[in-house]
Amino acid sequence: KTLGDLNFIENEELKLKLEAVKDFSSFTGAIENTPYSFIFQNKSLDNLSEINTLLDKFYIENLLNSISSVKDKKAVEPFNEYIKILIDLYNVRIISRNVDSNATEELVDGGNLLKEDLAGVTDNAQLESTISNSIYGEMIGDVNNLNIENGFFKFLIKQAGNIAAKYTIKSGAIVRFI
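Quick notes on the rules
- Residues numbered from 1 in each chain as written.
- Predicted model: local features only at pLDDT ≥ 70, side-chain atom pairs only at ≥ 80, totals over all residues.
- Heavy atoms only, no water.
- Helix = DSSP H or I, 4+ residues; strand = E, 2+ residues; numbered from the N terminus.
- Buried < 20%, exposed > 50% of the residue type's maximum accessible area, 1.4 Å probe, protein only.
- Contact = heavy atoms within 4.5 Å.
- Salt bridge = Lys/Arg side-chain N within 4 Å of Asp/Glu carboxyl O.
- Axes fitted to C-alpha atoms, helices over the stretch in contact; angles between N-to-C directions.
- Parallel < 35°, antiparallel > 145°, perpendicular 65-115°, else oblique.
- Nonpolar A, V, L, I, M, F, W, Y, C, P; charged D, E, K, R; others polar.

Enquirer: Give a description of the environment of Thr53 that names residues and reports values.
Expert: In this fold, Thr53 is placed in helix α4 (residues 48-69). For Thr53, a relative accessible area of 4% gives the class buried. Taking C-alpha positions, Thr53 is 7.9 Å from Ile94, a pair spaced 41 residues apart along the chain. Not counting chain neighbours up to four residues away, the residues in contact with Thr53 comprise Tyr90, Ile94, Arg97 and Glu105.

Right, dumping it as structure tokens:
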């Protein structure tokens, strides 16, 4: 599934439905027939972790599709840097959940951390070692869920400065990307 045509976002009827949402059931009814509806099918508030994971994966996959559809590869270089960090954060979240619950969510390929290396992580000690020895290690420190999230976002902020210096994003690059 992809977002495809984003005109549904500007739909006044959808906006009114969303404004009237009072509970989870009315929310799922409001987003029916949107690209997001499949994520919420047969779900309840008890499935928030699963819903969150599906939304993250949907976002990443749509970003990857958008980036890959751009013909001017120079224009997408800064966006590739950004998406690699998001993929790593997503994958580390999945690994952390898998270790804690013996789940087996599928990882996304294309981050700075190799999918094959992450797939071999089976416990918290391995996760800590993998993260500590990565480009994210100094930003995370002690490995726990809060430090992982904060560390990735600190790294993302640092990288934003590096990306801005390396790729001066001018209006032409944005227009070529769009």
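Having put the structure on the table, let's press on.
Enquirer: How would you explain the pattern of salt bridges if you had to name every residue and give the values?
Expert: Under the definition given, this model contains 5 salt bridges. In this structure, Lys17 and Glu13 form a salt bridge, with 3.7 Å as the shortest nitrogen-oxygen distance. With Lys17 and Glu13 both in helix α1 (residues 12-19) and 4 residues apart, this pair spans about one turn of that helix. Judged by relative accessible area, which is 36%, Lys17 ranks as partly exposed. Via salt bridges that share partners, Asp56, Arg93 and Glu149 belong to a single interconnected network.

Enquirer: Tell me about the packing of helix α5 (residues 73-101) against helix α9 (residues 145-166), and please be specific about residues and values.
Expert: For the pair α5 and α9, the least separation of the axes is 10 Å and the interaxial angle reads 170°. By the criterion of interaxial angle, the relationship of α5 to α9 is roughly antiparallel. For the pair α5 and α9, the contacting residues are Pro78, Glu81, Tyr82, Ile85, Asp88, Leu89, Val92, Arg93 and Ser96 in the first and Asn145, Ile148, Glu149, Phe152, Phe153, Phe155, Leu156, Gln159, Ile163 and Lys166 in the second. Within the contact of α5 with α9, the residues separate by chemical class into 11 nonpolar, 3 polar and 5 charged.

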